[in-house]
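Read off the chains here:
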Amino acid sequence: MIAGPTGEDDDGGGEGGIALTADAIARAVGGQVIGDPAAAVYGVAPLDRATERDLTFLAAPQYVRGLEASRAAVLLVSPELAASPGSVRARVVVADPQA
């Protein structure tokens, strides 16, 4: 589902931008959603700079600490790190989060 910031369908034009839900991201990458499938993202950011409007990823154990402090809405994460502590709204578990 692609929706504008107000939740209405958006053609991607203008300043409204587009949003992707965790469910749509999971379907696109062949992953499984843990958490809120309706969590929406409007951009992509590194783990340490992600806001509640961003998608980020976690693929290596040395960055788990960053997840604890991250404000990201949706996280692409490997199965091995899927249970790492953090308060993202949704995790999309996928074999290779960096692909």
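This section reports on the structure supplied with the text. Just so we're clear, the structure is a prediction, and the values are computed from it rather than from any experiment.

**Remarks on the pairing of strand β8 (residues 90-93)**
The two faces of β8 match: A90 and V92 on one face and R91 and V93 on the other face are all buried. Here strand β3 (residues 32-35) runs beside β8; their pairing, made up of four bridges, is antiparallel. Residue Q32 lies in a different strand from β8, and its bridge partner there is V93. Both strand β7 (residues 74-77) and β8 contribute to a ladder of four bridges, which runs parallel. Bridge assignment links L76 to a residue of β8, and that residue is V92.

**Overview of the packing of aromatic side chains**
In this structure the tally under the stated criterion is zero aromatic pairs. One residue, R53, lies across the ring of Y42, its end atom 3.9 Å from the ring centre.

**Side note on the pairing of strand β6 (residues 54-58)**
Among the five residues in β6, four count as buried, and that is most of the element. As paired elements, β6 and β7 share four bridges and run parallel to each other. By the bridge assignment for β7, L58 is matched with V77. Crossover handedness for the path β6 to helix α2 (residues 64-69) to β7: right-handed.

The rules we used
- Numbering of residues begins from 1 in every chain and follows the order in which that chain's sequence is written.
- For a predicted model such as this one, the threshold for reporting local features is a pLDDT of at least 70, and the threshold for listing and counting side-chain atom pairs is 80 or more; totals across whole chains, interfaces and linings nevertheless cover every residue.
- The basis for the side-chain values is all heavy atoms of the structure; hydrogens and waters are excluded.
- Whether a residue is buried, partly exposed or exposed follows from its accessible area with a 1.4 Å probe, protein chains only, as a fraction of its type maximum: under 20%, in between, or over 50%, in that order.
- Numbering of helices and strands runs from the N terminus; a helix is a DSSP stretch of H or I covering at least four residues, while a strand is a stretch of E covering at least two.
- For two strands to be treated as a pair, DSSP must find no fewer than two bridges joining them.
- Any pair of Phe, Tyr and Trp rings, taking the six-membered ring for Trp, is counted once the centres come within 6.5 Å. Such a pair is stacked with planes under 30 degrees apart, edge-to-face with planes over 60 apart, and tilted for the rest.
- Comment: the charge-over-ring label is applied if NZ (Lys) or CZ (Arg) is within 6 Å of the ring centre and within 35 degrees of the ring normal.
- Here a crossover is taken to be right-handed if, once the strands point away from the viewer, the path from the first strand over the helix to the second is traced clockwise.

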